[in-house]
Amino acid sequence: MTLAQSLDPATRQALIARVRFYRDLGLTEFYRRPVDSALLVQLAGAWETPPPPSAVQDEPISPQPSFFPEDHSIPPRKPMPAPPAVASAVPAADRAAALQLIREDLGDCTRCPLHSGRNKLVFADGDPNARLMFVGEGPGADEDAQGLPFVGRAGQLLNNMIAAMGLNREQVYIANVVKCRPPGNRTPEPDEANTCSPFLFRQIDVVRPEVLVALGATAATYLLGQRQPLAGLRGRVHSVRGTRLIVTYHPAYLLRDPRQKKEAWADLQIAMRELGLKPPSRG
Ligand code: URA
């Protein structure tokens, strides 16, 4: 029996939440040392209440999860379409149809193992002509059930973040690195993300947002093509496929640690500056 299997469900949930918390902070290197199991039981009681089952599923902790990288590089991508030159940009009036073609190319996708646990493929939501696009990691349980991105608790927070910027959800475009729900909401494996992300890049190339916001480390990793701690990526403007990219925390992480909302707001203000937006007045 592995250590993970020997833990009671509440301890496992707390451990999963804690490791995700560290991952979202950009801390991805861990090592294991022998731990007295009596101490683990004691610690379990001291941890915060784990998030509800819809936010964190009871999932096995494999001995070497995908976010325990040996180094900071991710496996090379498959060749992917180059960003279109400005001259070949899809005219605004044709973008909805161009996105529909990408959706049709995906079809009833079986390109990676994630398809087998999928209820609904989650393509995107929002305005095909949006100036601002958000990229998340992958669908959770609510998204898998409804076929739309960010419709659960994290989605409600994202809606609030968008409102704080003086916009509404219908004015932005929202998509994910992977379009099918990873089992137990685990991080997508590099193979899965590399198989699916070319479709995300095609979506970006059609929408051509002025600003992209990567929500969390997975989105930042696959948009930038390199794994780096989130802390080192925030606070500046990157360039991806001819578009400016801002990196911030994932809303699910902000739900777990609301103190970081201030930091996320600072990131969103960079996006607003790039878009020439002023925050809405509160009066
Ligand atoms: N988390 C994500 O990364 N994407 C979603 O669509 C929902 C939750």
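In what follows, the structure referred to is the one given above.
To keep things clear, this report deals only with the structure shown in the data block.

Conventions adopted
- Here the residue numbering is sequential within each chain, running from 1 through the sequence in written order.
- With pLDDT at 70 or above as the cut-off, local features in this predicted model cover only qualifying residues; side-chain atom pairs require 80 or more to be listed or tallied, and sums for whole chains, interfaces and linings still use all residues.
- Counting from the N terminus, the helices are the DSSP runs of H or I reaching at least four residues and the strands are the DSSP runs of E reaching at least two.
- Partly exposed residues are those whose C-beta has more than 12 but fewer than 20 other C-beta atoms within 10 Å; 20 or more makes a residue buried and 12 or fewer makes it exposed, with C-beta atoms placed from the backbone.
- A pair of residues counts as a contact when their C-beta atoms, built from backbone coordinates, are separated by no more than 7 Å.
- By convention here, the C-beta atom is placed from the backbone, and a residue is near a molecule or strand when that atom is within 6 Å of it.
- Note on residue classes: Ala, Val, Leu, Ile, Met, Phe, Trp, Tyr, Cys and Pro are nonpolar, Asp, Glu, Lys and Arg are charged, and everything else, Gly too, is polar.
- Paired strands, as defined in this entry, are two strands with at least two bridges between them according to DSSP.
- Only the contacting stretch of a helix is used when fitting its axis, a line to C-alpha atoms as for every element, and angles between N-to-C directions run 0 to 180 degrees.
- Between 65 and 115 degrees an angle is taken as roughly perpendicular, under 35 as roughly parallel, over 145 as roughly antiparallel, and anywhere else as oblique.
- Put simply, a nonpolar core is buried Ala, Val, Leu, Ile, Met, Phe, Trp, Tyr and Cys residues tied into one set by C-beta atoms within 7 Å.
- For a helix, the expected span equals 1.5 Å multiplied by the number of residues minus one.
- This arc corresponds to the set of directions leading from the helix axis out to the C-beta atoms.

Scanning the protein chain from N- to C-terminus turns up eleven helices and six strands. For the protein chain, buried positions account for 35% of its 283 residues. In the protein chain, the proportion of contacts linking residues at least 24 apart, taken out of those at least 6 apart, comes to 80%.

Moving on, we get to the site of the ligand. As a matter of local geometry, the ligand sits amid Gly136, Glu137, Gly138, Pro139, Gly140, Glu143, Pro149, Phe150, Ala154, Asn176 and Ala252. Among the residues making up the shell around the ligand, the classes are represented as five nonpolar, four polar and two charged.

The next subject is the pairing of strand β2 (residues 132–136). The side chains of a regular strand alternate, residue by residue, between the two faces of the sheet. Of all five residues that make up β2, five are buried, and the element is covered over most of its length. Side chains Leu132, Phe134 and Gly136 of β2 all project onto a buried face; the interleaved residues Met133 and Val135 project onto the opposite face, where all are buried too. Note that β2 and strand β4 (residues 211–215) share four bridges and pair parallel. Bridge pairing in β4 places leucine 132 opposite valine 211. Taken together, the four bridges between β2 and strand β3 (residues 173–176) define a ladder with parallel strand orientation. Following the sheet pairing, valine 135 is matched in β3 by alanine 175.

Where helix α4 (residues 95–106) contacts helix α7 (residues 190–207), the axes come no closer than 9 Å and their chain directions differ by 170°. In terms of orientation, α4 and α7 fall into the roughly antiparallel class. In this structure, α4 uses Arg95, Ala98, Leu99, Ile102 and Leu106 to contact α7, whose residues at the interface are Phe199, Arg202, Gln203, Val206 and Val207. When its residues are assigned to classes, the contact of α4 with α7 shows seven nonpolar, one polar and two charged.

You can see glutamate 274 is positioned in helix α11 (residues 261–275). Distance in space between the C-alpha atoms of glutamate 274 and arginine 244 is 8.2 Å, their sequence separation being 30 residues. The residues touching glutamate 274, leaving out its near neighbours within four places in the chain, are Glu210, Val211, Val237 and Arg244.

Time to look at the sheet that holds β2. Within a sheet, adjacent strands bond to each other through the backbone by hydrogen bonds, running parallel or antiparallel. Sheet architecture is open: six strands sit in the order β1-β3-β2-β4-β6-β5, paired in mixed fashion. The sheet is open, and its two edges are formed by β1 (125–126) and β5 (238–240), each paired on a single side. Relative to β4, helix α8 (residues 217–224) is tilted by about 130°, and along the sheet it contacts β2, β4, β5 and β6 (243–248).

What follows concerns the nonpolar core. Taken as a class, soluble globular proteins show a tendency for nonpolar side chains to be buried jointly. One finds Met133, Val135, Leu212, Val213 and Ala214 to be the most contacted residues of the largest nonpolar core, which totals 52 residues. Examining the composition of this core, we find that seven residues originate from one element, α7, more than from any other. With residues up to four places along the chain from it excluded, the contact list for leucine 212 reads Met133, Val135, Ile204, Leu223, Val240, Thr243, Arg244 and Leu245.

On to unusual backbone geometry. In this structure, arginine 208 takes a positive phi of about 45° despite not being glycine. When the 20 C-beta atoms within 10 Å are taken as the criterion, arginine 208 is described as buried. Backbone geometry places arginine 241, a non-glycine residue, at a positive phi of 50°. Within the element layout of this structure, arginine 241 appears in the loop between β5 and β6. Judged by local crowding, arginine 241 falls into the partly exposed class, with 17 C-beta atoms found within 10 Å.

Let us look at helix α6 (residues 153–164). With twelve residues, α6 extends 17 Å from end C-alpha to end C-alpha; this agrees with the ideal 16 Å at 1.5 Å per step. Every buried residue belonging to α6 is among Ala154, Gly155, Leu158, Met161 and Ile162, and all of these are buried. Each buried residue of α6 sits inside an arc of 110° when the element is viewed along its axis, so together they form one side. The elements touched by buried residues of α6 are β2, α10 (251–256) and α11. Just beyond α6, the residue with positive phi is glycine 166, at close to 85°.

The next point concerns the environment of glutamate 189. With respect to the element layout, glutamate 189 can be found in the loop between β3 and α7. For glutamate 189, a count of 17 C-beta atoms within 10 Å translates into the label partly exposed. A sequence separation of eleven residues divides glutamate 189 from valine 178, and the C-alpha atoms of the two residues are 9.8 Å apart.

This part covers α11. Over its 15 residues, α11 runs 21 Å from end to end, which matches the ideal 21 Å to within 8%, given 1.5 Å per residue. Listed in full, the buried residues belonging to α11 are Ala264, Asp267, Leu268, Ala271 and Met272. One side of α11 holds all its buried residues, which, seen down the axis, span an arc of 150°. For α11, the exposed residues lying more than 90 degrees away from the buried face are Lys262 and Ala266. On its buried face, α11 sits against β2, α6, β4, β6 and α10.

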